[in-house]
Amino acid sequence: MIYEDSRIPVAAIVGPTASGKTALGVEAAKYFGGEVISADSMQIYKGMDVATAKPTEEEKQGIPHHLMDFLDRECSFSVADFVELAGMKIREINGRGKLPIIVGGTGLYISSLLDNIKFAEIKSDENLRKSLEETARTEGNEKLFKRLEAVDPETAAELHPNNLVRVIRAIEVYELTGKKLSQYKVESRLIPTPYKSVIIGIGYNDRQKLYDRINKRVDIMAQNGLVEEAKAVYNNSAMKTAANAIGYKELIPYFENRAELAVCIDKIKQETRRYAKRQLTWFRKNAEIQWIIADEFDNTQEIFAKCKKIIAKELNL
């Protein structure tokens, strides 16, 4: 499946949490003979199944899913790591004559991959990182985030204040080099992308319909073992990155007998809705995304038909 210009065809299905990306990705893979590469910054971790809404084997319907459930929860994972590993998977899948289909809601991962961002080899400073971590611990993540906003507002706009690993990395890059991480990204776009890609976004005209889906999903998560999963993370202090996942940190007051479970579950719903809003804001900045507005269709089969038509046209399949 190599084009004359030698670019590898890649389809990406993006959108906010609970929008229906997983099911659409599986349907597209079944129809076009594809394999899915997950672009979710939390689904990479082992054992974080309920909170991150990892698809079950039944939901995967036999379609191979890559870059999911492969990393120990105490490990950090960067955008550069994702771009490198996803690039390898794309080449492997293409080599098998299959269509690589990127599915996920981590916009920074997807844009960095498809735009062929090359990350500078900037070393780390352990003492600086420890100092920044201490600032976050004693003064709060928001304090550290404001520091990033002051030196690199472009990168800050792409991150959540609780995404401590990436906030610290962005500050570290600036402190060590005097150059913003966002500037490195601009410079890294000089090499043409090896991918011929189409990006499909799932959106909603009526935001409340998306929020209803989110609320329902959180209720199902609670029934399927979210609290027990979150307690395991809470009991392991080494899981710094994992503990920042929505669905875990909101339950800490319950574990510490400071709040009722129902209150914490409502907080998870609220934070997930806010996250979905930020995801939509991010994706709407990308003019290359072709949107499918889910609530304009009567059923999922119509949504899939639209998706199929877009992929076939843009990738000449």
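**Q** Honestly, the nonpolar core in this entry has me stumped. Any pointers?
**A** Note on soluble globular proteins: their nonpolar side chains tend to be buried together. Core analysis: the biggest nonpolar cluster contains 92 residues, and Ile 102, Leu 251 and Ile 311 have the highest contact counts within it. Residue contributions to this core peak at 7 residues, all from helix α14 (residues 261-283). Among all residues touching Leu 251, those that are not within four sequence positions of it are Leu 226, Val 227, Ala 230, Leu 261, Cys 264, Ile 265 and Ile 268.

**Q** Is there a simple way to explain the pattern of salt bridges in this structure?
**A** Where charged atoms from two side chains of opposite charge come close, those side chains can pair. This structure, assessed with the given rule, holds 19 salt bridges. We note a salt bridge from Asp 72 to Lys 46, for which the minimum N-O separation is 3.4 Å. Of the two residues, Asp 72 sits in the loop between β3 (65-66) and α3 (79-95) while Lys 46 sits in the loop between β2 (34-38) and α2 (57-60), which places them 26 residues apart along the sequence. Glu 57 is paired through a salt bridge with Lys 60; the nearest N and O atoms lie 3.2 Å apart. Note that Glu 57 and Lys 60 are positioned in helix α2 at a spacing of 3 residues, about one turn of the helix. Residue Glu 57 is classed as exposed on the basis of its relative accessible area, which comes to 60%. Overall, Lys 60 belongs to the buried group, its relative accessible area being 14%.

**Q** Quick question: what am I supposed to make of the packing of helix α6 (residues 141-151) against helix α8 (residues 164-177) here?
**A** For any two helices packed against each other, the geometry is given by the interaxial angle and the distance between the axes. One can describe the packing of α6 onto α8 by two numbers: an axis separation of 10 Å at closest approach and a directional angle of 40°. By the angle class used here, α6 and α8 are oblique. Two packed elements cross with a definite hand, and for α6 against α8 that hand is left-handed. In contact with Asn 141, Leu 144, Phe 145, Arg 147, Leu 148 and Val 151 of α6, α8 contributes Leu 164, Val 167, Ile 168, Ala 170, Ile 171, Tyr 174 and Glu 175. When grouped by side-chain class, the residues that make up the contact of α6 with α8 number 10 nonpolar, 1 polar and 2 charged.

Definitions and cut-offs
- Residues numbered from 1 in each chain as written.
- Predicted model: local features only at pLDDT ≥ 70, side-chain atom pairs only at ≥ 80, totals over all residues.
- Heavy atoms only, no water.
- Core = buried A, V, L, I, M, F, W, Y, C linked by side-chain atoms within 4.5 Å.
- Buried < 20%, exposed > 50% of the residue type's maximum accessible area, 1.4 Å probe, protein only.
- Helix = DSSP H or I, 4+ residues; strand = E, 2+ residues; numbered from the N terminus.
- Contact = heavy atoms within 4.5 Å.
- Salt bridge = Lys/Arg side-chain N within 4 Å of Asp/Glu carboxyl O.
- Axes fitted to C-alpha atoms, helices over the stretch in contact; angles between N-to-C directions.
- Parallel < 35°, antiparallel > 145°, perpendicular 65-115°, else oblique.
- Left-handed = near helix turned anticlockwise from the far one by under 90°.
- Nonpolar A, V, L, I, M, F, W, Y, C, P; charged D, E, K, R; others polar.

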